[in-house]
Amino acid sequence: MIEPQPTEVVTPQRLMELVAVLHADGHRLVQIGATSLADGGVELNYSFDKDGRFSNLRLPLAAGNLTAPSITGVYFCAFAYENEIHDLFGVDVKGNKLDFKGNFYRIAEKTPFLRKPADPQASPPAS
Amino acid sequence: MPLFNMTATALRNLFARPATRLYPAEKRELPAGTRGRLTIDIETCIFCGICQKKCPTDALRVERDAKRWSIDRLGCIACANCVDACPKDCLSMETGHSPAMLTRDKETHTPAAKPPAAPTQP
Amino acid sequence: MATRTVIPFGPQHPVLPEPVHLDLVVEGEKVVQAIPSIGFVHRGLEKLVEKKDFTEYVFVAERICGICSFIHGMTYCHGVEQIMGIEVPRRAQYLRVIWSELSRIHSHLLWLGLAADSFGFENLFMASWRIREHVLNIIEATTGNRVIFSSCRVGGVARDIDDATLKDIVARLEGLATDLRNLGEVFLDDTTVKHRTVGVGVLTKEHARELGAVGPTLRGSGVASDMRQLKYAAYGDLAFEPLVEDGCDCHARCKVRVREIGQSIDLIRQAAARIPAGEIAVKVKGTPSGEFFARTEQPRGEVVYYLRANGTRNLDRLRVRTPTFANLPPLVKMLENCDLADVPVIVLTIDPCISCTER
């Protein structure tokens, strides 16, 4: 690999602790991405960068309980990503400081990227 | 303070030839290697179907038994993936662009030697 | 207490290259707040990865955007190659650098034209695009098409450029030097242009870092961050330093982009001098399995491709985070307390590429 990309799997509480630590250390938020899993769950990836050093936090969400805490209290720019994952994947982000309530992405179908379980196109998730 | 820095360029442009071309009276010389239009040398084609598998837009159809190769011109994105993949090198990219079309018909090619032959269309 | 009016800006606006909607809350002539809204060109390209073979998806990836198309394709190929452990031949890496930098030159010239258009200087707009035609001719001669290059493949590149053509490319780019210098003088020194760009759209260094700005938006605020420092493709062999300006306003960002054109020409000259002989592609066997975050520097900033593969011919997940998406929060910040007439200039200063943002 061209650069090491350490990934840590976290719980919501650990996520909030680590985000505060990374912010204090001067890391930049690179992106928040969502991956829809075959069983209906969603995996959130929070990526950070400092001087070219990349790190990633992974928050798995189980199907039927797609809620995550908002990090806009620490990184305000996360509002764009959190609105996007809400509009495309149906993840309910609690405490988003700039919540568009579903009006950020103008699309015809609600949560188009969320895979329903027993989707014929679903492939087994990478472990 | 610097003002009117653009004057020299503007005056030069005013008295020079226009940068635009009087198309269609004057056509642009396309460089060799421009990906314009896919053509096939149907006599060399072995109807293996690799080009159909490699086409990202599914614009090609190859029928091995009927010995027919057809292309949906409006679906072709001129990426030349099929040209790179063809084992017999019978596909090539011409420089000229496809002419405008009124209907979305497929263009079919069949080798002339095999009877009964459908006439090869341009 | 002044009354507040909401003025809709976009999606149709003469100055916008692509549709984005902003609701501007104004008090008199001052914009108090801007509320963005996107989704006008959402094509669901991330979902298409479930249907397309992973080697064919490069054609879709490069069509995510027309202006930064080659680097999208290259980032996708870079990601797949890192997952599969494919060693791309050095010559192919150098060719990718040359095409990336040509892409950057034509993108910055396009932006310079649009920026001139945003403050009404149409003559300058046409002058920039006239120079850009020469760059597009070079690209067409080497890849076959002006905008969508289709020359990157997983495992290498599709076409070679011979040494005579490389010398010709460098000569042609150096022939543009006088025109580029004149253009730079108008953009950076002319008093009327400076009146529209200096002090407009201020984004302090702290805000730029906090709000996740990338690319020239970040470098124009004094932060030296450029993904080419990660040494992907052949950038590790070339002498390169990110260009930084401290002005924090539209003028500084304009200066960064003008200087980057010169820097790109220098990188192409270096690459053409050092390019080794060899193969241009390796055969790709098997299917990918694993995940990777591919990060490269587009003309607009850092693009991140998260690829996840599970051993089949279709990738499991592709997530593209484009630079304009990351620059939307800084844009919202820059629009606070600006004049209504400055809104087009500020919106253009982040170099919005909305088709990238929405994929």
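Just so you know, these numbers come straight off a predicted model, no measurement behind them.

Before going further, it helps to examine the overall build of chain B. The number of helices and strands found in chain B is three helices and five strands. In sequence order, the secondary structure elements of chain B are arranged as α-β-α-β-β-α-β-β. With respect to the three principal axes, the spread of C-alpha positions in chain B is 80 × 30 × 25 Å. Going through the 122 residues of chain B one by one, you find that 19% of them count as buried. In chain B, of all internal contacts separated by at least 6 residues, the share reaching a separation of at least 24 is 64%.

Secondary structure assignment for chain A yields two helices and six strands. Along its sequence from the N terminus, chain A presents helices and strands in the succession β-α-β-β-β-β-α-β. Expected size for 127 residues packed as a compact globule is a radius of gyration near 14 Å; at 15 Å, chain A falls within 12% of this value. For chain A, the C-alpha atoms occupy an extent of roughly 40 × 35 × 25 Å along the three principal directions. Here chain A holds 127 residues, and the buried ones make up 38% of them. By sequence separation, contacts in chain A at least 24 residues apart represent 54% of the contacts at least 6 residues apart.

Our next topic: the sheet that holds strand β2 (residues 28–36) of chain A. Residues and elements named next belong to chain A. Read across the open sheet, the four strands follow the order β1-β4-β3-β2; overall the sheet is mixed. Among the strands making up the open sheet, the edge pair consists of β1 (7–9) and β2. Each adjacent strand pair in this sheet contributes to an overall mean axis angle of 20°, direction not counted. The pairing of β2 with strand β3 (residues 42–50) spans eight bridges and is classified as antiparallel.

Here the protein chains form two pairs of chains in contact, of which the pair with the most contacts is chains A and C. One finds no contact between chain A and chain B; the C-alpha atoms of the two approach each other to within 19 Å at their closest.

Another aspect to go through is the sheet that holds strand β2 (residues 60–63) of chain B. Working definition: the strands of a sheet are paired by backbone hydrogen bonds and lie parallel or antiparallel to each other. Residue and element names in this part refer to chain B. As summarised here, the arrangement of the three strands in space is β2-β3-β5, forming an open sheet in which the pairing is antiparallel. Strand pairing shows two members of the sheet lacking a second neighbour, β2 and β5 (107–109), which therefore form its edges. Taken over all neighbouring pairs, the strand axes of this sheet differ in orientation by 15° on average, direction set aside. In the sheet, strand β3 (residues 68–71) pairs with β5 via three bridges, with the strands oriented antiparallel. Bridging across to β5, Ser70 finds its partner in Thr108.

So, about the pairing of strand β6 (residues 289–298) of chain C. Residues and elements named next belong to chain C. Within β6, eight of the ten residues are buried, which leaves it mostly tucked inside the rest of the structure. Here ten bridges tie β6 to strand β7 (residues 301–310), and the two strands are oriented antiparallel to one another. Following the sheet pairing, Ser289 is matched in β7 by Asn310. Linking β6 back to β7 in an antiparallel pair, the connection comprises two residues.

With that settled, consider the interface of chain A and chain C. With 30 residues of chain A at the interface, the matching set in chain C holds 32 residues. Residue assignment for the side of chain A that touches chain C shows that the elements contributing at least two residues are β2, β3 and α2 (78–89) of chain A. Take the side of chain A that touches chain C: its biggest share by element is six residues, from β2(A).

What follows deals with the interface of chain B and chain C. In this assembly, 17 residues from chain B lie in contact with 19 residues from chain C. For the side of chain B that touches chain C, a count of residues per class yields eleven nonpolar, four polar and two charged.

Attention now moves to the packing of helix α6 (residues 177–189) of chain C against helix α10 (residues 250–274) of chain C. Residue and element names in this part refer to chain C. It is the contact of α6 with α10, at a shortest axis distance of 10 Å, that shows an interaxial angle of 175°. Judged by the inter-axis angle, α6 sits roughly antiparallel to α10. The segment α6 lies against α10, with Leu180, Gly184, Phe187 and Leu188 engaging Cys254, Lys255, Val258 and Ile261. For the contact of α6 with α10, a count of residues per class yields six nonpolar, one polar and one charged.

Detailed reading of the predicted model is not advised wherever pLDDT is low. Taken as a whole, chain A shows an average pLDDT of 82; of its residues, 91% reach a score of 70 or greater. Note on residues 122–127 of chain A: pLDDT is under 50 here. Beyond four places in sequence and across chains, it has 16 contacts.

Before going further, it helps to spend a moment on unusual backbone geometry. Even without being glycine, A:Asp51 reaches a positive phi, approximately 50°. Structurally, A:Asp51 can be placed in the loop between β3 and β4 (53–61). Backbone geometry places C:Ser150, a non-glycine residue, at a positive phi of 50°. In this structure, C:Ser150 sits in the loop between α4 (122–143) and β4 (152–153).

The next thing to look at is the nonpolar core. Membership of the largest hydrophobic core comes to 162 residues, with the highest contact counts inside it found for C:Ala271 and C:Leu307. If one sorts the elements of this core by residue count, helix α3 (residues 90–118) of chain C sits on top with 14 residues.

Residues and elements named next belong to chain C. Examined against the element boundaries, Gly311 turns out to sit in the loop between β7 and β8 (317–321). Exposure remark for Gly311: the 13 C-beta atoms within 10 Å place this residue in the partly exposed category. As for Gly311 and Glu245, which are separated by 66 residues in sequence, their C-alpha atoms are 45 Å apart. Contacts of Gly311, omitting those with residues within four sequence positions, involve Thr287 and Ser289.

Between its first and last C-alpha atoms α10(C) spans 36 Å; for 25 residues at 1.5 Å apiece the expected length is 36 Å, and the two agree. Most of α10(C) is tucked away: 18 of the 25 residues are buried.

The next point concerns the environment of B:Thr57. Residues and elements named next belong to chain B. Relative to the helices and strands, Thr57 resides in the loop between α2 (50–54) and β2. Given 16 C-beta atoms within a 10 Å radius, Thr57 is considered partly exposed. Thr57 has contacts with Gly75, Cys76 and Ile77, leaving out every residue within four places of it along the chain.

In this section: the environment of A:Lys101. Within the fold, A:Lys101 resides in the segment after β6 (92–94). Once the C-alpha coordinates of A:Lys101 and A:Ala62 are considered, the two residues, 39 residues apart in sequence, prove to be 22 Å apart.

About the cut-offs
Residues numbered from 1 in each chain as written. Chains lettered and ligands numbered in written order. Predicted model: local features only at pLDDT ≥ 70, side-chain atom pairs only at ≥ 80, totals over all residues. Helix = DSSP H or I, 4+ residues; strand = E, 2+ residues; numbered from the N terminus. Buried ≥ 20, exposed ≤ 12 C-beta atoms within 10 Å, placed from the backbone. Contact = placed C-beta atoms within 7 Å. Rg over C-alpha atoms; globule rule 2.2 N^0.38 Å. Pairing = 2+ DSSP bridges. Axes fitted to C-alpha atoms, helices over the stretch in contact; angles between N-to-C directions. Nonpolar A, V, L, I, M, F, W, Y, C, P; charged D, E, K, R; others polar. Parallel < 35°, antiparallel > 145°, perpendicular 65-115°, else oblique. pLDDT = per-residue confidence, 0-100. Core = buried A, V, L, I, M, F, W, Y, C linked by C-beta atoms within 7 Å. Expected span 1.5 Å × (residues − 1).

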